[in-house]
Amino acid sequence: MYTYFLIAQPDEIAGLRNESDVLSLIEKLQTQIGGFYSRERIDYLSLVFLKEERRSIATPEKLEAGSQFFQIDSTLVRRIAAAEHDDLLDASVPWDEGAWQDTDVNRMDLAGFLLEFGELCRTANAGGENVYFVLVEE
């Protein structure tokens, strides 16, 4: 499964039917960020940044193939948006040790993702939009 992250309003998500639609929206509004991230690993970021467990919210919207959209907790988005460059880099350590401990993921890749994700969160905050993700079968 490949995970796409995007910023949007709820009505924009409702109009997406397939992976091509998701990519078209991402290309119009922002740079593409994605990878092989499970919902649990994404939600673990709330422990890293908020020091409490929060779950992404399943939306009623799905792609035709059944892929569910999730909205990332707005408090988490604001915290990540406010994080400084070094804080985002430092967050890769507890995220790696907590959510990725049984994998061979490269911590530097996680740090790079967090920098890009921080920018996405800043853009969403500035535009009053939400951050969503969808896991699409490859």
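Residues numbered from 1 in each chain as written. Predicted model: local features only at pLDDT ≥ 70, side-chain atom pairs only at ≥ 80, totals over all residues. Heavy atoms only, no water.

Q: What am I meant to see in the packing of aromatic side chains here?
A: By convention here, two paired aromatic rings are described through the distance between centres and the angle between planes. Scanning the entire structure with this criterion turns up 13 aromatic pairs. Where tyrosine 37 meets tryptophan 100, the ring centres are 5.8 Å apart and the plane angle is 90°; that geometry is what we call edge-to-face. Here the residue tyrosine 37 occupies a position in the loop between strand S2 (33-35) and helix H3 (39-43), and tryptophan 100 occupies one in the loop between helix H6 (85-99) and helix H7 (107-127), the gap between them amounting to 63 residues. Take tryptophan 100: its relative accessible area is 6%, and that puts it in the buried class. With 5.7 Å between their ring centres and 35° between their planes, tryptophan 95 and phenylalanine 113 make a pair best called tilted. Pair noted here: tryptophan 95 is in helix H6 and phenylalanine 113 is in helix H7, with a separation of 18 residues, a long-range link. Among the residues examined, tryptophan 95 registers a relative accessible area of 0% and is labelled buried. Judged by its relative accessible area of 4%, phenylalanine 113 falls in the buried class. The structure contains a cluster of three or more aromatic residues connected by ring pairs, namely Phe5, Tyr37, Phe70, Trp95, Trp100, Phe113, Phe117 and Phe133. (Phe/Tyr/Trp six-rings, centres within 6.5 Å; stacked < 30°, edge-to-face > 60°. Helix = DSSP H or I, 4+ residues; strand = E, 2+ residues; numbered from the N terminus. Buried < 20%, exposed > 50% of the residue type's maximum accessible area, 1.4 Å probe, protein only.)

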